[in-house]
Amino acid sequence: MSVSTAASAQTVCAPLAVLGRDVTVPLVTGGEVTYAALDYAASAPALQRVWDDVAAYAPYYGSVHRGAGYLSQLSTDLFENARRTVAEFLDCRTGDQVVFTRSTTDSLNLLAGALPAGCEVFVFETEHHASLLPWKDARVTYLDAPRTPRQAVETLERALADRDPYGPALVCVTGASNVTGELWPVRELAAAAHAHGARIVLDAAQLAPHHPVSVRELDVDWVAFSGHKLYAPFGSGVLAGRADWLREAEPYLAGGGASRRVTRRADGGVDVEWHDSAARHEAGSPNVIGAYSIASACKALTEAGFDTLVARELHLIDTVRAGLAEVPEVRILSLFGDDAPRVGVISFVVEGWNSSHFAAALSAEYGIGVRDGLFCAHPLVRTLLGSDPGSQGECGAPEAAPGEKSLNAIRVSFGAGTPDEHVERFVAAVRELVRDGAKWRYRTEDGRCVPAV
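In this report, the structure presented in the accompanying data block is examined. As the structure is a prediction and not an experimental result, all values here were calculated from the model. (Residues numbered from 1 in each chain as written. Predicted model: local features only at pLDDT ≥ 70, side-chain atom pairs only at ≥ 80, totals over all residues. Heavy atoms only, no water.)

**Considerations on the state of the cysteines**
Consideration 1: Tallied over the full model, the rule gives zero disulfides.
Consideration 2: Cys 92 forms no disulfide, and the closest cysteine sulfur to it belongs to Cys 298, at a distance of 10 Å.
Consideration 3: Among the residues examined, Cys 92 registers a relative accessible area of 11% and is labelled buried.
Consideration 4: Here Cys 172 stays free of any disulfide, with the sulfur of Cys 119 as its closest cysteine sulfur at 11 Å. (Disulfide = S-S within 2.5 Å. Buried < 20%, exposed > 50% of the residue type's maximum accessible area, 1.4 Å probe, protein only.)

**Section: the pairing of strand β10 (residues 237-241)**
Consideration 1: Counting buried positions along β10 gives five out of five residues, so the element sits mostly inside the fold.
Consideration 2: Residues of β10 alternate between two faces, with Gly 237, Leu 239 and Gly 241 on one and Val 238 and Ala 240 on the opposite face, all of them buried.
Consideration 3: Pairing of strand β4 (residues 97-101) with β10, which is carried by five bridges, proceeds in the antiparallel orientation. Looking across to β10, one finds that Phe 100 is bridged to Val 238.
Consideration 4: Bridge count for strand β9 (residues 222-226) against β10 is five bridges, and the pairing is antiparallel. (Helix = DSSP H or I, 4+ residues; strand = E, 2+ residues; numbered from the N terminus. Pairing = 2+ DSSP bridges.)

**Let's talk about a nonpolar patch on the surface**
Consideration 1: Taken together, the side chains of Tyr 60, Tyr 70 and Leu 71 define a hydrophobic patch exposed on the protein surface, amounting to about 340 Å² of accessible area.
Consideration 2: Along the polypeptide, Leu 71 turns up in helix α3 (residues 70-89). (Patch = residues over 30% accessible without salt bridge, like charges linked within 9 Å, V, L, I, M, F, W, Y side chains within 5 Å. Areas by Shrake-Rupley, 256 points an atom, 1.4 Å probe, with all protein chains shown as cover. Salt bridge = Lys/Arg side-chain N within 4 Å of Asp/Glu carboxyl O.)

Set out below in structure tokens:
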């Protein structure tokens, strides 16, 4: 990214307004400071636009699909329009279904329950646990972490070439790593999967908030993401894609809304005819506000323009990476190398520091919120750190396995709502902590490093 482009990103594109941008927090060293939320990869703050839209709808809250009253009809229209908005945001194909879920994890578990009998699943060890673990009823092949995008495609092609060519198969892959932020070659992996008769699901939890996701262009069969990473409140998610496996599967939950007709048999039993639409997997009263908030976020990001948002985020990425590169004790974690395209997710370790201690000091002494640990991607972080465990440090989780207390990292993540000042303060704090050490004493409590009182 050129200097002129970075400057343009700063002057033309201000951060989007998010909740909590003016919240102040106390420092252990005295006083207060505006909180720097740099843990977007776990949960991004809700956009002010989303919150305002939800607040405007709240007085008109009503049950959906089964109510004759005005508010019920209004809520039903809002819910189904949200489904159409999400389909447009993802550039879905004609006939694709959009199912509202609780999260990416919920979406992928739903899909896991819809796999045809005998389905083989192929998944890289680099995946978030939401993508790594749901496939317990299938035959799973776990693929080693690749070190280049090309190696990822070649690894998948070799694995698929050895499978039963006539049975169903599914590839699960992330769009952007929640540990390194690196973008994966989704279109190429989709082509490899389809060339070998397999389908592919994209975990877009870390991709959708940062880059446009087109089901058509990427040629993926399904995409899953969470509202709470897309600047919407907690508790909502999406699974979108091909309808056939979803139509043929038993409903994810049995209950009202999923059933079209229920009748008693002469023998006293019950016969059920299930819906074959998205409602089949949305039993119970749906999270209308969650669906509406996702749709609102989709509209807000689209209207802001991803080209502008990406340009500004690249400026923030350059600021953080350049600042960390000036601290010799810091090592940034990467699979694909420094030149790999990435989103605003950067993980690193600091020589001589336990990661929990470092993150605690950033919070308590500087008002900066980051994440430390294994980031629900244990195999990947252990692969990246296993050959360089470093020192244990003075603060570690007592329940960790022997020799594993240092096998964690620090993750800083940001996005459309992050002001320049937050990343600049973070870089300055890292530099100062490494140079001068913490100003406060810390202890371990319930597995976390906290300021000693």
